[in-house]
Amino acid sequence: MSRSDPSCGGSPYFNLSIAPTLPVQSFRGGDWEAEGTERATGGTGDRYSMWSSTDGSTVYIQGTTGVALASAFHWYLKYYCKCSLSWLGDQLCLPEEHPYVEPIEMQSPYQYGYYMNTCTFGYSTVWWTWDRWEQEIDWMAMNGVNLPLAFIGQEYVWQNVWLLLGIPPDELHDFFGGPAFLPWQRMGNEDGWPSPLPQSWILKQHDLQVQILERMRSFNMKPILPAFAGHVPAALKSHYPDADVTQLVSWSPGFNGTYFLDPFDPLFATIGSLMIKELEDTYGTDSFYSCDPFNEEIPPSNDTAYLSQVSSTIYSSMATTDPNAVWVLQGWFLVYGYGFWGPAQAEAFLSAVDNSKMLMLDLWAEVSPIWNTGMFFGKPFIWNMLHNFGGRPGMYAVLDAVATGPPTALAQTTSNIVGTGYTPEAIETNPVVYDLMSEMHWRSTAPDLDTWIADYAVRRYGYDSANIKQAWALLQNSIFACHTSQGGPNGIIAGARPDLEISIVGCCANMQLYWDPVDICNAWSLLLAESDSLADQPAYGNDVVQVALQALANIMTGYHDNLVSAFQSGDLEAFEDLAQKITSIITDMDTLLATQEIYLLGKWLSDAKGWATDEAEALAYQYNARLQVTIWGYPLTPLNDYAYKMWAGLTKSFHMSRWQTFVDSLRPFVGNPGLWDHEEYLQQVGEVERLWTTMTDDDSYPDQIVGSSVQVAQSMFDKYWEQC
């Protein structure tokens, strides 16, 4: 891996390469090098040591695995070179001379470092090519990940399994869904949305998975592959009419219930064993398998004997082919279980498999931990930070819970914690909390957050100033200190379906602030005070955009409230003035977002079409891409805006058109609010939303940045500061 920082002149200044076998692993950068050693004894986690040569010209690192070596290198960059790596801007200006390292030795108290959520493969990685995947795997290694979820390319294997059972590919068109929605098809939530899945996609994803697994294993990671959980295609019923197949209740309005094969049916074990064999033949295996039979679904029966048999049969279907199989199970069903999973049901399901053969993921431990409820019944578990749902925008974190959660679990000897991890539904957001979570894999006690944040601010920008530290202290104690148990950041009103009252964006982004908007405005001012020194720093540019967007969102909330008041009171002049202000601020948000590539709708659409082999596929992928970031499923249903984004292009088209529809529907009834037909408006705006998802005007959305983040943020500050 090589990285360069344009603010340091743009030339590559370190290279990282790790050989695939121990003990000859090594990586070099300039005059420093690191060499791998055999695994040390006496600890459960990866271990490394680091020191400088006597003359200080070379820094040496030794480690037990490729992940240990890469993590050590990351620690060196952070705490000796004062550098920072993140999805949203790197700061990699190395000192002229290598900082001297007194001999240190570190060992993780955790056996496993887990990464990814089944949904991440839809919300974030779906359109990635190998170049982006290679960067992410390097990021994993440098952040202690040795147990990553590896979920792409499985349709290739499933297609082979169903063919061996007599079901040809043309009978799977209503089973496999579109690329952007495959995670929920894989979990058995829905089938064939939106279909069909092109064969070219299946073949290309197979090839990509081969590259991904090779790279992961070169770091000594143990990739987790999928196993059979009981979800079957409808076509199975025609080929096996005696099979005990149940159609489950609908997961969400508009979607038909999916089909579940009863574990008591002998065909269940046959399919499960075939899947593991085909996986081994296609990709090899490290004996870790993900399997979630009831993810956001209700089992057909709450009988404890039945649930025990389900669990036992699922594991047996893995172990028949791979006796070393370890079942990796998301604990999400215990959080999102509709009241179904009482202690008796959970114990029956979990206790049917030996503790050494099951590994639980405490998926949302920073907000809703399961490990301390007793509902894991002695199973080893990994403490995970979920952080983000659907890639919804906004600044947000629970930093204190991340800092204290793993050490608290570690200190309780009965907790059976064996790892830490990250389980975001989407990534590339709020890098500060991921930087902290990365460190918790190597810490057994919580850091002092005030000190840690001050140091982080210096590392992130490569610049030490009172303004920067004060800005980050404000963020730390406000927007990064959520204690409301909400699912991610507050909603940004520009991204909401407009209405007279907006208490939530979509299903889940709460509009009730848990932080003081004044703190955000002051942080914005303090950050911009250092713009002369940091204007070319990529991380700084991203951060001023995010803080500015949050400030503008708060201002627009006031516009909306005043618009509604003018509508109800009959003040047409004020109504028109506020309507114009709403149009203007949405336009300004779009201009601001256009300065960062990560926030470009055009890039998302271009990446999607890049997988197409013909025009029909290009149109299908474009529809997938548009659908996911807007209405998700069917119009005017609860999933609308679940994964909404604030992206340039999306904001000025989709979001703007909804607000214009709203204002136009209100205008004839200013002063007569009782005559406004809310249901008629919903039908109008629902049709606006649906039509946008079918448009093919992708070329009108730039996939390259426009303007300077710092300059645009400053202009917005000058325009809106008095309202902040």
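Residues numbered from 1 in each chain as written. Predicted model: local features only at pLDDT ≥ 70, side-chain atom pairs only at ≥ 80, totals over all residues. Heavy atoms only, no water.

*Asks:* Looking at this model, I keep getting lost on the side chain of Ser124. Mind explaining?
*Replies:* Mapping Ser124 onto the fold places it in the loop between α2 (120-123) and α3 (130-142). For Ser124, a relative accessible area of 7% corresponds to the buried category. Among the polar contacts made by the side chain of Ser124, one reaches the main-chain amide nitrogen of Ile427 at a distance of 2.9 Å. What Ser124 contacts, discounting residues up to four positions off in sequence, is Ala426 and Ile427. (Helix = DSSP H or I, 4+ residues; strand = E, 2+ residues; numbered from the N terminus. Buried < 20%, exposed > 50% of the residue type's maximum accessible area, 1.4 Å probe, protein only. Polar contact = N/O pair within 3.5 Å; in protein donor to acceptor, adjacent residues only side chain to side chain. Contact = heavy atoms within 4.5 Å.)

*Asks:* It is not clear to me how a nonpolar patch on the surface should be interpreted in this structure. Could you clarify?
*Replies:* A contiguous nonpolar surface patch, about 280 Å² in accessible area, is contributed by Val335, Tyr336 and Tyr338. Position of Val335 relative to the elements: it lies in helix α10 (residues 332-335). Judged by relative accessible area, which is 31%, Val335 ranks as partly exposed. (Patch = residues over 30% accessible without salt bridge, like charges linked within 9 Å, V, L, I, M, F, W, Y side chains within 5 Å. Areas by Shrake-Rupley, 256 points an atom, 1.4 Å probe, with all protein chains shown as cover. Salt bridge = Lys/Arg side-chain N within 4 Å of Asp/Glu carboxyl O.)

*Asks:* Whenever I open this one, the sheet that holds strand β13 (residues 259-261) confuses me. Can you help?
*Replies:* Adjacent strands of a sheet form backbone hydrogen bonds with each other and so pair up, either parallel or antiparallel. An order of β11-β13-β12 is seen for the 3 strands of this open sheet, with the pairing classed as antiparallel. Every interior strand has two partners, whereas the edge strands, β11 (231-232) and β12 (245-247), have only one. (Pairing = 2+ DSSP bridges.)

*Asks:* Just checking my understanding: could you explain helix α11 (residues 343-351) for this structure?
*Replies:* Every α-helix winds through 3.6 residues per turn, so residues three or four apart in the chain are directed the same way. Listed as buried for α11 are Gln345, Ala346, Ala348, Phe349 and Leu350. Against α9 (304-319), β15 (326-330), α10 and β16 (358-362) lie the buried residues of α11.

*Asks:* Whenever I open this one, the packing of α9 against α11 confuses me. Can you help?
*Replies:* Think of two packed helices as two axes; the pair is described by the angle between the axes and how far apart they sit. Between α9 and α11, whose axes approach to 7 Å, the crossing angle comes to 30 degrees. Classified by the angle between their axes, α9 and α11 sit roughly parallel to one another. Note on packing geometry: the crossing formed by α9 with α11 is right-handed. Note on element contacts: α11 touches α9 through Ala344, Gln345, Ala348 and Phe349, opposite Thr304, Leu307, Ser308, Val310 and Ser311. (Axes fitted to C-alpha atoms, helices over the stretch in contact; angles between N-to-C directions. Parallel < 35°, antiparallel > 145°, perpendicular 65-115°, else oblique. Left-handed = near helix turned anticlockwise from the far one by under 90°.)

*Asks:* Would you take a moment to explain the confidence of the model for the chain for this structure?
*Replies:* Caution applies to low-pLDDT parts of the model: their predicted coordinates are not meant to be read in detail. Predicted confidence across the chain gives a mean pLDDT of 93, with 94% of residues reaching 70 or more. Confidence drops under pLDDT 50 across residues 9-43; counting only partners more than four residues distant or on other chains, this segment forms 100 contacts. (pLDDT = per-residue confidence, 0-100.)

*Asks:* Even after reading the chapter, I still don't get helix α20 (residues 601-609), so can you show me in this structure?
*Replies:* Here α20 has its buried residues at Leu601, Gly602, Trp604, Leu605 and Ala608. Looking straight down α20, one finds that the buried residues subtend no more than 160 degrees of arc, so they occupy a single side. (Arc of directions from axis to C-beta.)

*Asks:* What is the right way to read the pairing of strand β6 (residues 59-63) from this model?
*Replies:* Remember that side chains alternate between the two faces of the sheet whenever the strand is regular. Burial along β6 is one-sided: the face carrying Val59, Ile61 and Gly63 is buried and the face carrying Tyr60 and Gln62 is not. Sheet analysis places strand β5 (residues 47-52) next to β6, joined by 5 bridges and oriented antiparallel. Bridging from a neighbouring strand, Trp51 pairs with Tyr60 of β6. The turn linking β5 back onto β6 is made up of 6 residues, and Gly56 within it adopts a positive phi angle of 80 degrees.

*Asks:* Would you mind showing me how to read the environment of Asp532 here?
*Replies:* Among the structural elements, Asp532 can be located in helix α17 (residues 531-534). Each C-alpha atom of the pair Asp532 and Val710 lies 9.5 Å from the other, and the pair is 178 residues apart in sequence.

*Asks:* Is there a simple way to explain the sheet that holds strand β8 (residues 112-115) in this structure?
*Replies:* Judged by pairing direction, the sheet is parallel, and its 8 strands sit side by side in the order β9-β8-β18-β17-β16-β15-β14-β10 without closing on themselves. On the outer flanks of this sheet lie β9 (147-148) and β10 (224-226), each paired with one strand and no other. Relative to strand β18 (residues 417-422), strand β17 (residues 381-385) runs parallel, the two sharing 5 bridges. From the neighbouring strand, Ile382 faces β18, where its bridge partner is Gly419.

*Asks:* Any chance you could explain the pattern of salt bridges here in plain terms?
*Replies:* Any two side chains of opposite charge can pair, on the condition that their charged atoms come close. Counted according to the given criterion, the structure contains 23 salt bridges. Between Asp435 and Arg459 there is a salt bridge whose closest N-O contact spans 3.5 Å. Residue Asp435 is found in helix α13 (residues 431-440), and its partner Arg459 is found in helix α14 (residues 449-461); the two are separated by 24 residues along the sequence. Residue classification places Arg459 among the buried positions, given a relative accessible area of 2%. Linked by salt bridges that have partners in common, Lys78, Asp435, Glu439, Arg443 and Arg459 make up one network.

*Asks:* I would appreciate a short explanation of the packing of aromatic side chains in the present structure.
*Replies:* Both the distance between ring centres and the angle between the ring planes are used here to describe each pair of aromatic rings. A complete count under the given rule lists 65 aromatic pairs for this structure. Ring geometry for Phe376 versus Phe381: centroids 5.7 Å apart, planes at 40 degrees, classification tilted. The pair formed by Phe376 and Phe381 is uniform in burial state, with each residue classed as buried. Consider the rings of Trp452 and Tyr456, whose centres lie 5.4 Å apart with planes at 10 degrees: the pair is stacked. (Phe/Tyr/Trp six-rings, centres within 6.5 Å; stacked < 30°, edge-to-face > 60°.)

*Asks:* Just checking my understanding: could you explain the state of the cysteines for this structure?
*Replies:* As used here, a disulfide is simply a covalent bond connecting the sulfur atoms of two cysteines. Enumeration according to the criterion identifies 2 disulfides in this entry. Two residues, Cys507 and Cys508, share a disulfide whose sulfurs are 2.0 Å apart. Looking down the S-S bond of the Cys507 and Cys508 bridge, the torsion is -90 degrees, so its handedness is left-handed. Put simply, Cys521 and Cys724 are joined by a disulfide, and their sulfur atoms are 1.8 Å apart. Disulfide Cys521-Cys724: torsion about the S-S bond near -90 degrees, hence left-handed. Of the two residues, Cys521 is situated in helix α16 (residues 517-528) and Cys724 in the segment after α24 (709-720); the sequence distance between them amounts to 203 residues. The exposure class assigned to Cys521 is buried, which follows from its relative accessible area of 5%. Cys119 forms no disulfide, and the closest cysteine sulfur to it belongs to Cys508, at a distance of 12 Å. With a relative accessible area of 6%, Cys119 lands in the buried category. (Disulfide = S-S within 2.5 Å.)

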